[in-house]
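Commentary on secondary and tertiary structure
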Amino acid sequence: MSRRAALRGLGAAGLLAALTGCGVPAAYVAEGKRSAPDRSAREKSVSFSNWPMYIDTDEADATRRPTLESFSKRTGISVRYTEEINDNDEFFGKVSPALMNRQETGHDVVVVSDWMAARFVGLGWAQRMDRAAQPNVARYLDPLLRSPSFDEGRMHTVPWQSGITGIAYNRRRLGREIRSVADLWRPDLAGKVTLFSGLDESFALLMQGDGVDTTRWTEADFDRVCDRIEEMVRNRHIRRFTGNDYTSDLSKGDVLACQAYSGDAIQLKADNPDIEFVVPEEGAELWAESLLVPNLARHKANAEALIDHYYDPEVAAELAAYVNYVCPVPAAQAVLADSDDRETAELAEDPLIFPDAAMRKRLVVARDISAEERPRLARRWNSIVGL
């Protein structure tokens, strides 16, 4: 499952509308009604739910997670860690009945994609964190990720890992460089291009290719992009729309260029040196999957301490060396560079883990799709991609 799994149909917005129409109480929870008595002081534990294969493990024992163990050793707080988030919508469906009915979920801290985090924040289902208790977050969080439109100041969410949606291509087989989104539409790529099927995964990069400022895009901008993609589908220029299986298409040579995630590109290039990943000249989307504390969590203070643990540059470096996503803690770069292990030290120079200054200038956190916009935009996009 993609960690950036597509929102199908009307997704979260449609589900909420349906529930509200059936007489369920209004979904939104005001800020002052989100917390429960915190048991952190007397119960030294925390429940942490994440995606599979999204944390460091011990090479000799895959059941051990060194960064979690170091947290427990330092604080005395035990961590119940579960890899139960396989799809954003699936997880939303699991916890939304409890949150809508002002009940606890059993989760103290969870990781969801930022577009789903935006749903939680918009519904008032994520608690405001005590930043005074999180000095590492306050000091080390990447400035590019500090204030997304859905959570200004990042008071309800904190990035776990980040990534870039750009373009991957086979440089040798294509016989030329790709520098912009417009290069995808050149005749020599007819039938050899794939795009992501998910609305939230695709739209920002395509808009940037049209010169749109994605921090303030409009529905007219979206429709203009859809017109172009519809034309490319009619002309069979786009081979298909994909999830994470795009990596197989590119590796096998069925496609020569595709929308891709930076985290995948590191492994793709390791397997095939001809594969290149590019942040287009006109820019690319910087996204994140973020930690949040759901309403009525029993151990909020322990959850905040765990989150802050991962913003210690030493810990962030250890995690980045394992998962190879864009690290939301730039200070971790110096830690990796000082490693005695040559391969680990080389990771500090990888721009797909620590984007350099030139690349950072082209990265943008796109404005989220609002709940009001989503039903129409999802219908149009899904009609194009066949969902």
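Structure's up top.
Computed from a prediction, not measured in an experiment: that's the story for all the values here. (Residues numbered from 1 in each chain as written. Predicted model: local features only at pLDDT ≥ 70, side-chain atom pairs only at ≥ 80, totals over all residues. Heavy atoms only, no water.)

1. What about the overall build of the protein chain?
Test applied: In this text, helices come from DSSP runs of H or I with a minimum length of four residues, and strands from runs of E with a minimum of two, each type numbered from the N-terminal end. The quantity called the radius of gyration is restricted to C-alpha atoms. Its globule counterpart is 2.2 Å times the number of residues to the power 0.38. Any two residues whose heavy atoms approach within 4.5 Å at even a single point are treated as in contact. In these tables, accessible area is a Shrake-Rupley quantity obtained with a 1.4 Å probe, and a residue counts as shielded only by the protein chains included in the view. We score Asp and Glu as negative and Lys and Arg as positive, and we do not count His or the chain ends. A charge is said to be at NZ when it belongs to Lys, at CZ for Arg, at CG for Asp and at CD for Glu.
Helices and strands together make up the secondary structure of the protein chain, namely 16 helices and 10 strands. Against the 2.2 N^0.38 benchmark of 21 Å for 387 residues, the protein chain shows a C-alpha radius of gyration of 21 Å, consistent with a compact globule. Within the protein chain, residue pairs in contact and separated by at least 24 positions form 78% of the contacts whose partners lie at least 6 positions apart. Summed over its atoms, the accessible surface of the protein chain is roughly 16200 Å², and 49% of this surface lies on carbon and sulfur atoms. Distance between charge centroids for the protein chain: 4 Å, based on 48 positive and 60 negative side chains.

2. Considering a negative patch on the surface
The condition is simple: Surface patches are drawn from residues lacking salt bridges whose relative accessible area is over 30%; two like charges belong together within 9 Å, two nonpolar side chains (Val, Leu, Ile, Met, Phe, Trp, Tyr) within 5 Å. We define a salt bridge as a side-chain nitrogen of Lys or Arg found within 4 Å of a carboxyl oxygen belonging to Asp or Glu.
Together, Glu314, Glu318, Asp338, Asp340, Asp341 and Glu343 line one region of the surface with negative charge. Along the chain, Asp338 falls in the loop between helix 13 (332-337) and helix 14 (342-347).

3. Notes on helix 10 (residues 262-271)
So the rule is basically this: For every residue, the accessible area (1.4 Å probe, protein chains only) is compared with the maximum for its type, and the residue is labelled buried under 20%, exposed over 50%, or partly exposed between those bounds.
Within helix 10, the full set of buried residues consists of Ser262, Gly263, Asp264, Ala265, Ile266 and Leu268. Next to the buried residues of helix 10 lie strand 4 (158-170), helix 9 (246-252), strand 7 (257-261) and strand 8 (275-278).

4. Considering the packing of helix 7 (residues 199-209) against helix 8 (residues 219-234)
Which entries qualify depends on this criterion: Under this scheme, a helix contributes an axis fitted over its contacting stretch, all axes are lines through C-alpha atoms, and angles between N-to-C directions fall in the 0 to 180 degree range. Here is the rule for angles: anything less than 35 degrees is roughly parallel, anything more than 145 is roughly antiparallel, 65 through 115 is roughly perpendicular, and the remaining ranges are oblique. In this count, Pro and Cys sit with the nonpolar residues alongside Ala, Val, Leu, Ile, Met, Phe, Trp and Tyr, while Asp, Glu, Lys and Arg are called charged and the others, Gly among them, polar.
The contact between helix 7 and helix 8 brings their axes to 10 Å, and the two run at 95°. With respect to their mutual orientation, helix 7 and helix 8 come out roughly perpendicular. Listed contacts from helix 8 to Leu199, Phe203, Leu206 and Met207 of helix 7 are Asp221, Phe222, Val225 and Ile229. Of the residues contributing to the contact of helix 7 with helix 8, the split by class is seven nonpolar, no polar and one charged.

5. So, the nonpolar core
So the rule is basically this: For our purposes a nonpolar core is just a set of buried Ala, Val, Leu, Ile, Met, Phe, Trp, Tyr and Cys residues, chained together by side-chain atoms within 4.5 Å.
Of all hydrophobic cores here, the largest spans 120 residues; its most connected members are Phe120, Trp185 and Ile229. Looking at this core, the element that brings in the most residues is helix 4 (residues 114-123), giving seven residues. Once residues within four sequence positions are removed from consideration, Trp185 is found in contact with Val193, Leu195, Leu206, Arg228, Ile229, Met232, His237 and Ile238.

6. Topic: the environment of Arg236
Within the secondary structure, Arg236 is located in the loop between helix 8 and strand 6 (238-242). Sequence separation between Arg236 and Arg216 is 20 residues, and the spatial gap between their C-alpha atoms is 31 Å. In this view, Arg236 contacts Ala190 and Gly191; residues no more than four positions away in its chain are not counted.

7. Details of the packing of aromatic side chains
Rules: Centre distance within 6.5 Å is the pairing criterion for rings of Phe, Tyr and Trp, where only the six-membered ring of Trp is used; planes under 30 degrees apart are then read as stacked, over 60 as edge-to-face, and the remainder as tilted. We call a charge positioned above a ring when the Lys NZ or Arg CZ atom is no farther than 6 Å from the ring centre and deviates by at most 35 degrees from the ring normal.
For the coordinates displayed, the defined rule picks out 15 aromatic pairs. Summarising the aromatic geometry, the rings of Phe48 and Tyr81 are spaced 5.1 Å apart at their centres and angled 75° between planes, so their arrangement reads as edge-to-face. Note that Phe48 is positioned in strand 1 (residues 45-49) and Tyr81 in strand 2 (residues 78-82), a separation of 33 residues in sequence. Grouping residues by exposure puts Phe48 and Tyr81 together as buried. Ring pairing ties together the aromatic residues Phe48, Tyr54, Tyr81, Trp160, Phe196, Tyr246, Tyr261, Trp287, Tyr310 and Tyr325, which thus form one cluster. The ring of Trp217 is capped by Arg367, whose NZ or CZ atom sits 3.8 Å from the centre of that ring.

8. Some points on the packing of helix 7 against helix 16 (residues 374-385)
Remark: helix 7 packs on helix 16, axes separated minimally by 11 Å, with the N-to-C direction vectors making an angle of 85°. On the basis of their axis angle, the class for helix 7 and helix 16 is roughly perpendicular. Across the interface between the two elements, Leu199, Asp200, Ser202 and Leu206 from helix 7 touch Arg374, Leu377, Ala378 and Trp381 from helix 16. Residues that form the contact of helix 7 with helix 16 fall into these classes: five nonpolar, one polar and two charged.

9. A look at the side chain of Asn50
With respect to the helices and strands, the residue Asn50 is situated in the loop between strand 1 and helix 2 (66-75). On the accessibility criterion, Asn50 (0% relative accessible area) is buried. In this structure, Asn50 is in contact with Tyr81, Thr82, Glu83, Glu84, Ile85, Val111 and Trp160, ignoring residues within four places of it in sequence.

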